[in-house]
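The lines below spell out each chain.
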Amino acid sequence: ELQCIVMGRGTLQNVYISSLPYCDAYVSGFQLAGTLRGDVDKPLWLENVAVLPGSHLINVILGENVILPAEVTLENVIFSANFHLTGGTLRGNITGEKKAPALLENVRVSAGCHLTNVTLGKKVTVAKGITLGGTITNQSGSLLEDVQLEGNTVLSGGQLKGNITGNVALSKEVENQPLAL
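Notes on the structure follow. (Residues numbered from 1 in each chain as written. Predicted model: local features only at pLDDT ≥ 70, side-chain atom pairs only at ≥ 80, totals over all residues. Heavy atoms only, no water.)

**Comments concerning the environment of Lys-98**
Positionally, Lys-98 belongs in the loop between strand E11 (88–95) and strand E12 (102–104). Residues Lys-98 and Gly-134, spaced 36 residues apart in sequence, show a C-alpha to C-alpha distance of 7.1 Å. (Helix = DSSP H or I, 4+ residues; strand = E, 2+ residues; numbered from the N terminus.)

Right, here's the structure in full:
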């Protein structure tokens, strides 16, 4: 598959970059500001970029050498292997690599967020009403309240409280979870 590459210097601000049917969109070498949006079905791949404070990234894949400020909003994001996020607000679908989950620290997870294959590290604040899938490691011990568990979710660490739902027939594994109902 071909890649459509946008490389350069300077600042990309408030842009929508669409993939073409025969290639994926890839951005490298820029500062990013404002709202940067990729396609829902073919997210925009970012590498070697610096994101400015107050930015909102939507439908993107975060690759190598992506510098993110604490004041960033990430919505519908896929993290490359072992990505380490150290701040920001998460919305929509947030997905890490199954064999090398993303580490989230100093982040706010918004209500309605869907987390898959991530590790919740230091100072993670999680709103009520999120969905978990894949492998979730809750190192920080964050309280997870009113949670929907997808089939085959493996959850370790932390605490569950409130309305915990999911299809038990799909063999959920919930390890070491104190329940505060």
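There's more to say after this.
**Concerning the pattern of salt bridges**
What the rule picks out here adds up to two salt bridges. Between Lys-42 and Asp-24 there is a salt bridge, with its nearest N and O atoms 3.4 Å apart. Highlighted residues: Lys-42 in the loop between strand E4 (31–37) and strand E5 (44–47) and Asp-24 in strand E3 (residues 23–28), separated in sequence by 18 residues. The partly exposed category is assigned to Lys-42, whose relative accessible area is 22%. Classification of Asp-24 by relative accessible area gives partly exposed; the value is 25%. One salt bridge connects Lys-128 with Glu-145, and the closest N-O pair in it is separated by 3.7 Å. (Salt bridge = Lys/Arg side-chain N within 4 Å of Asp/Glu carboxyl O. Buried < 20%, exposed > 50% of the residue type's maximum accessible area, 1.4 Å probe, protein only.)

**A look at the nonpolar core**
Counting 42 residues, the largest nonpolar core has Leu-46, Leu-62, Leu-68, Leu-74, Phe-79, Leu-90 and Leu-115 as its most contacted members. Counting residues per element, this core draws most heavily on strand E9 (residues 72–79), which supplies four residues. (Core = buried A, V, L, I, M, F, W, Y, C linked by side-chain atoms within 4.5 Å.)

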